[in-house]
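Examination of the molecular architecture
So the chains spell out like this:
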4 protein chains.
Amino acid sequence: MSPEGTPGPPKLPGTMVYTYLGPEGTFTEAALLQVPGADEAVRIPSTSVTSALEMVRSGHANAAVVPIENSVEGGVSATLDAISIGQPLRILREILVPITFVLAVRPGIELDDVRRVSTHSHAWAQCRNWAEMNIPKAEYLPASSTAAAAVGLQDDSSGFDAAICSPLVASRLGLNVVARDIGDVSDAVTRFILISLPGLLPEPTGADKTTVVIPLPEDRPGALMEILDQFSTRGVNLSRIESRPTGAFLGDYFFSIDVDGHIFDARVADALKGLHRVSPELRFLGSYPRADHRRAHVLPHTSDPAFEAADQWLESLING
Amino acid sequence: MSPEGTPGPPKLPGTMVYTYLGPEGTFTEAALLQVPGADEAVRIPSTSVTSALEMVRSGHANAAVVPIENSVEGGVSATLDAISIGQPLRILREILVPITFVLAVRPGIELDDVRRVSTHSHAWAQCRNWAEMNIPKAEYLPASSTAAAAVGLQDDSSGFDAAICSPLVASRLGLNVVARDIGDVSDAVTRFILISLPGLLPEPTGADKTTVVIPLPEDRPGALMEILDQFSTRGVNLSRIESRPTGAFLGDYFFSIDVDGHIFDARVADALKGLHRVSPELRFLGSYPRADHRRAHVLPHTSDPAFEAADQWLESLING
Amino acid sequence: MSPEGTPGPPKLPGTMVYTYLGPEGTFTEAALLQVPGADEAVRIPSTSVTSALEMVRSGHANAAVVPIENSVEGGVSATLDAISIGQPLRILREILVPITFVLAVRPGIELDDVRRVSTHSHAWAQCRNWAEMNIPKAEYLPASSTAAAAVGLQDDSSGFDAAICSPLVASRLGLNVVARDIGDVSDAVTRFILISLPGLLPEPTGADKTTVVIPLPEDRPGALMEILDQFSTRGVNLSRIESRPTGAFLGDYFFSIDVDGHIFDARVADALKGLHRVSPELRFLGSYPRADHRRAHVLPHTSDPAFEAADQWLESLING
Amino acid sequence: MSPEGTPGPPKLPGTMVYTYLGPEGTFTEAALLQVPGADEAVRIPSTSVTSALEMVRSGHANAAVVPIENSVEGGVSATLDAISIGQPLRILREILVPITFVLAVRPGIELDDVRRVSTHSHAWAQCRNWAEMNIPKAEYLPASSTAAAAVGLQDDSSGFDAAICSPLVASRLGLNVVARDIGDVSDAVTRFILISLPGLLPEPTGADKTTVVIPLPEDRPGALMEILDQFSTRGVNLSRIESRPTGAFLGDYFFSIDVDGHIFDARVADALKGLHRVSPELRFLGSYPRADHRRAHVLPHTSDPAFEAADQWLESLING
């Protein structure tokens, strides 16, 4: 699968190569480090979600970690779109990372002295209230990541005297932290996903999630209801839905949906088959354990035994 | 299957025994005569729907013809209930019979002379307007069937001088008919069904009907919707629905439902499986050709190929 | 309203005229006697449901009592149809009557002697098992009512030696009862309704029922769901539904539906408005107290206060 | 409404003050310039969506223009969240802006010489393919806006030799453009909204949109369906839906929804009332003309006359 002349993933058995939305020290790397064995694996930062996924698609990485949603900012559009088109991918697991920010400053700088502060725009959005109260005179300089801002603090030419970043990268770089927990939402959490090529499906755990991408069959009243009906008829609970423009022009939509349950659960499999009939171009993005381990609530009449009993009953009718 | 000492159905190959709601000469016999081969088969009248079905259940008849609905009187409760409980039965076909009534009188009686007229109460209900206009002074005497009234006309002790009956029985008995087509609804039609023990299912024709009996799982808002949803989600059209009390006390219900399509149609089979999960005690009463040959309207996404494609898609996902 | 030359209802203030499906001594008269004041009112038996309703429509009776459903036989088609067409009528209340049958015989006749037994065909259907066990040799003669059979027992020319009738009529006529409680279903109950011309609506009691007749707008998949959706969206529970052919030909339907609640309940009124949009020819047949006094289960968000709050909220939006 | 000591909006009649997500020269300013009269009004750039809305809430601006969705990136989370909480705001109109990018360079630089290129990260995402083909060696530097990058090109200390920006700002600043139309999607369009305090609602045009924010009443299967049912039952078509975490923790959701139609349309008003009952904390964000002028498809039975007829019918029933 790796193109002629470019290096593939290491061939040593057991050696895994992971990529993630870099640079080093971001919350995304923190997410990756939650994956069992990742601390001993090869970890390659990518400069964008697209290039991280490209490494997976081309076989240069076994899997990638990218952000998918967070409790302050919602869906991360680039990821949603990148996994919805092109060569099929599969989500293997989701990872929750608590988001806490620190303010790191150059040596000798006090909080009151801060005039220019850098960080990623999303992090800035999440610390605005604190910043307006505590460093009201500071000008904001965008950075491509919180980690890039942290690194820039060690570079004399970077032009800013403070950075908002993760505790992890501040500690790794030995930065001077003058304020902790400066996010406006005290218990913010970001959701990341681990993505690979299609292969073995993760085993069901009873607390699983299934992600699908469903093009709207037609812009008619009721088409969305027809789609959602496939879930509700089988007692499958939705935990996320987003309509997304298909790209070329406004007005054509697809839906990105998370539901409770695993494709190995009969009710989910049956709903997927129903969706395939309504919108045959839908895409299955994976069934994987929920990070919060919350078990799906399954009504008796949508349980696996109920499905099996119904199958046997129908067969007995048809075979007389 | 036939109890000791009572005669079973004839053992000669090819000789069929039919029963029907009698007596001879009723519209029900006319319905039976529409069944191919019935004119050469043994035809035994039964005195009630229950006893006709009992002959089938006990093996003394191969099949029974009973009324199920008519265009003036609606559902025939006794039949609906009798096929919904007890030993399972199957509907093999439905038969439509045009309902036309004649007034037959004793020899020497003119229309203006009619003082007492007999017929079945349903037939009387269907000729009331005509009777009020044409024989306003006539008193009504109930009969157990239109044919019984016709026969009574030949019995001096029966006490009435006119009978409302079918043209068939009037002609068979050589009665004196003084008025024809006296029903208030000019194109009335009654629906009958042919019932046997479970066995081979009639082949699908593209214009089929499936009948089920579904106990309401619980008296909660939405239970009925949950049931009907199983049909609408698969694009299966209902052509009849009746809620029926379960018998012992008012308030507990089952539903008697006809839908377009055959159990061999994937969308119908899938809906039946869904119903079995929601209400496992449901009863399948048969898939059989529609008497009016009206083909079911099947949307592309609920056609058999769409179901097959969905099955294959899901299998490919699960098998990687 | 009463035609020239025919007597209208009594003009004395306070004197009510009731009619009912006769003759005297039937279960229907027993139902009427449950209506407060009916024992002192004028009670006129009618020979059919249609003629009973005609007396109301023409102003010759203030109200009529007719059967609408029973726990053994289900919907009474003639009543359903008669109130669904023609000049509008209103149901004022429903009445439940326990159905118990006795076997009355001519003087000198013992149970073993019974050779010919008469009763209404529905009553016969409800006593068949008992009859087969206890008077197996008896031939059945149909009567137009249980009361007519009872009366016939006092007439030497009637030709039968036993009658199945209500305890009431047997007692009134002083008949010789040889068996009691001979119905196959021990706690059978029949539902009757009291019908009048439109006028003041009965006050809501919290345990009410509303009856409507809804023509199916079109024979398309989903039309029935659209109708039922109007109820479920407002949390209105169905307690009865029947599809009924419209009369002229099979295939066109209307629905006869009972729901929990009163037209003065906001959720019911809102559902009725929704139904009117979907099927403008629908007919409101009345809101009236349930005979079983079972209160409707109303979810907070479909209560009157929730409707009022929503109305006020919308008004505040529109008026800025 | 404007706090002591801070300047309020100009008091001269007819003089409007607009703010927008700045700086000058962004696509957002281009959107504002489509608003009639905006070219002669006061136009104040804001540094964030939040501060733009704050200017409106505090009375320092009459209205604000902010991005809400675009055809490549989807929903703009900051805007969705900012208008969903805090003091109520209203959307007055939506504005579509075609998105085309140019590459501007410092004087003397050729395409092949470009080593460092700056732009907003979303613009960078939309020009990645072109950049990889045409300036593969160029390093990316994030800017807080495309206009900021353009301005930086005139500043020797900014450290980059090329900027991706709008044709408008390149032309205003007299920059050296070496490539045009470099976006990967040729007909990209971004949607912006004009926001003010609640006041007079825009008149319906027949091609309108209504935006609401609806908290999920409870995390139960079916709650989302209950919400969407309010629209489908009234034939109201959804054109956008997004589930959004409520902020504090993952798992609690609200929905941001656009539907076809105006609050003055009876079917939309009725759906809003239904939503208020299901989720009383919902927020109405406005009814306003669609930028694409596409008229809503209204079924006869959900038209204003159908609602009026239903209202009158119900009133006639209640008033006898």
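Scroll up to find the structure this text is about.
Each value, and the rule that gives it
- Residues numbered from 1 in each chain as written.
- Chains lettered and ligands numbered in written order.
- Predicted model: local features only at pLDDT ≥ 70, side-chain atom pairs only at ≥ 80, totals over all residues.
- Heavy atoms only, no water.
- Least-squares fit on C-alpha atoms with pLDDT ≥ 70 in both.
- Contact = heavy atoms within 4.5 Å.
- Pairing = 2+ DSSP bridges.
- Helix = DSSP H or I, 4+ residues; strand = E, 2+ residues; numbered from the N terminus.
- Buried < 20%, exposed > 50% of the residue type's maximum accessible area, 1.4 Å probe, protein only.
- Buried area = accessible area lost by both parts, 1.4 Å probe.
- Salt bridge = Lys/Arg side-chain N within 4 Å of Asp/Glu carboxyl O.
- Polar contact = N/O pair within 3.5 Å; in protein donor to acceptor, adjacent residues only side chain to side chain.
- Axes fitted to C-alpha atoms, helices over the stretch in contact; angles between N-to-C directions.
- Parallel < 35°, antiparallel > 145°, perpendicular 65-115°, else oblique.
- Left-handed = near helix turned anticlockwise from the far one by under 90°.
- Phe/Tyr/Trp six-rings, centres within 6.5 Å; stacked < 30°, edge-to-face > 60°.
- Lys NZ or Arg CZ within 6 Å of the ring centre and 35° of its normal.
- Nonpolar A, V, L, I, M, F, W, Y, C, P; charged D, E, K, R; others polar.

Examining the relation of the copies chain B and chain A
Note on the identical chains: chain B maps onto chain A by a rotation of 180 degrees and an axial translation of 0.1 Å, with an RMSD of 0.1 Å. Look at the turn and shift together and you get a two-fold axis relating the two. Residue Thr 233 of chain B of chain B places its C-alpha closer to the rotation axis than any other residue of that unit, at 3.8 Å. With an isologous cut-off of 70% or more, the 100% of interface residues of chain B that recur at the interface of chain A puts this contact in the isologous class.

Notes on the pairing of strand S8 (residues 139–142) of chain A
Pairing of strand S7 (residues 116–119) of chain A with S8 of chain A, which is carried by four bridges, proceeds in the parallel orientation. Looking across to S8 of chain A, one finds that Arg 116 of chain A is bridged to Glu 139 of chain A.

Overview of helix H7 (residues 223–232) of chain C
Burial of H7 of chain C is extensive: eight of the ten residues sit out of reach of the surface. Listed in full, the buried residues belonging to H7 of chain C are Ala 223, Leu 224, Met 225, Ile 227, Leu 228, Asp 229, Gln 230 and Phe 231 of chain C.

Looking at the interface of chain B and chain A
Chain B puts 30 residues into the contact, and the matching count from chain A is 30 residues. At the boundary of chain B with chain A, total buried surface from both sides reaches about 2700 Å², with 66% on carbon and sulfur atoms. Joining chain B to chain A, the criterion identifies six salt bridges. One salt bridge in this structure joins Arg 277 of chain B and Asp 270 of chain A, with 3.5 Å as the shortest N-O distance. Here chain B is connected to chain A by nine residue pairs in polar contact (both at pLDDT 80 or more). Of all the elements in the fold, those that place two or more residues in the side of chain B that touches chain A are helix H7 (223–232), helix H8 (266–278) and helix H9 (304–318) of chain B. Among the elements that line the side of chain B that touches chain A, the one with the most residues is H9 of chain B, at nine residues.

Some remarks on the pairing of strand S6 (residues 102–105) of chain D
All names here are of chain D. Neither face of S6 is exposed, since Val 102 and Ala 104 on one face and Leu 103 and Val 105 on the opposite face are all buried. Strand direction decides the pairing type here: S6 and strand S9 (residues 162–165), joined by four bridges, are antiparallel. Each residue of the ladder has a partner; that of Val 105, found in S9, is Ala 162.

Describing the packing of helix H7 (residues 223–232) of chain D against helix H8 (residues 266–278) of chain D
All names here are of chain D. At a minimum axis distance of 8 Å, the contact between H7 and H8 shows a crossing angle of 165 degrees. Looking at the two axes, H7 sits roughly antiparallel to H8. The crossing of H7 and H8 is right-handed. Along the contact surface, H7 presents Glu 226, Ile 227, Gln 230 and Phe 231, while H8 presents Ala 271, Gly 274, Leu 275 and Val 278.

Points about the sheet that holds strand S6 (residues 102–105) of chain B
Residue and element names in this part refer to chain B. A sheet is described by the order of its strands in space; here five strands give the open sequence S8-S7-S9-S6-S10, paired in mixed fashion. Of all strands in the sheet, those bounded by a partner on one side alone are strand S8 (139–143) and strand S10 (176–180). With strand direction ignored, the average angle separating the axes of adjacent strands in the sheet is 30 degrees. Sheet contacts for helix H4 (residues 121–134): S6, strand S7 (116–120), S8, strand S9 (162–165) and S10; angle to S7, the most-contacted strand, approximately 130 degrees.

Here we look at the environment of Asp 229 of chain B
Take Asp 229 of chain B: it is sitting in helix H7. On the basis of relative accessible area, Asp 229 of chain B is assigned to the buried category, the value being 17%. With 46 residues separating them along the chain, Asp 229 of chain B and Leu 275 of chain B place their C-alpha atoms 9.3 Å apart. Residues in contact with Asp 229 of chain B, not counting those within four places in the same chain, are Asp 229 and Thr 233 of chain A together with Met 225 of chain C.

Topic: the packing of aromatic side chains
A full pass over the atoms with the stated rule returns eight aromatic pairs over all chains. Where Phe 27 of chain A meets Phe 101 of chain A, the ring centres are 5.6 Å apart and the plane angle is 80 degrees; that geometry is what we call edge-to-face. Taken together, the residues Phe 27 of chain A in helix H1 (residues 27–32) and Phe 101 of chain A in the loop between strand S5 (90–98) and strand S6 (102–105) connect sequence positions 74 residues apart. Sitting over the ring of Phe 307 of chain A, Arg 277 of chain B keeps its end group 3.6 Å from the ring centre.

Let's talk about the packing of helix H7 (residues 223–232) of chain A against H7 of chain D
Look at H7 of chain A against H7 of chain D: their axes get within 11 Å of each other, and the N-to-C directions meet at 150 degrees. Between H7 of chain A and H7 of chain D, the angle falls in the class roughly antiparallel. For the pair H7 of chain A and H7 of chain D, the crossing hand works out as left-handed. Across from Leu 224, Met 225, Leu 228, Asp 229 and Ser 232 of chain A in H7 of chain A, the residues of H7 of chain D making contact are Leu 224, Met 225, Leu 228, Asp 229 and Ser 232 of chain D. Of the residues in the contact of H7 of chain A with H7 of chain D, the class split is six nonpolar, two polar and two charged.

So, the sheet that holds strand S8 (residues 139–143) of chain D
Residue and element names in this part refer to chain D. The five strands lie next to each other as S8-S7-S9-S6-S10, forming an open sheet whose pairing is mixed. Looking at the sheet topology across the chains shown, the edges are occupied by S8 and strand S10 (176–180). Going across the sheet, the axis of each strand differs from the next one's by a mean of 30 degrees, ignoring polarity. Note: S6 against S10, four bridges, orientation antiparallel. Note that in S10 the partner of Leu 103 across the bridge is Ala 179. With respect to the sheet, helix H4 (residues 121–134) is in contact with S6, strand S7 (116–120), S8, S9 and S10, its orientation differing from that of S7 by roughly 130 degrees.

Some points on the pattern of salt bridges
Evaluation of the coordinates by the stated rule reveals 68 salt bridges over all chains. Taking the shortest distance from any N to any O, the salt bridge between Asp 270 of chain C and Arg 234 of chain D comes out at 4.0 Å. One end of the pair, Asp 270 of chain C, is in helix H8 (residues 266–278); the other, Arg 234 of chain D, is in the loop between H7 and strand S13 (238–245), on a second chain. As far as burial versus exposure is concerned, Asp 270 of chain C and Arg 234 of chain D are alike and both buried. One continuous salt-bridge network, built from bridges that share partners, spans Glu 94, Arg 191, Lys 209, Arg 240, Glu 242 and Asp 258 of chain A.

Quick look at the side chain of Ser 239 of chain B
Residue position: Ser 239 of chain B is located in strand S13 (residues 238–245). On the basis of relative accessibility, which here comes to 8%, the residue Ser 239 of chain B falls in the buried class. The contact partners of Ser 239 of chain B, leaving out residues within four places of it in the chain, are Lys 209, Asp 258, Val 259 and Asp 260 of chain B together with Tyr 253 of chain C.

Keep in mind that these numbers describe shape and distance, not what the molecule does.
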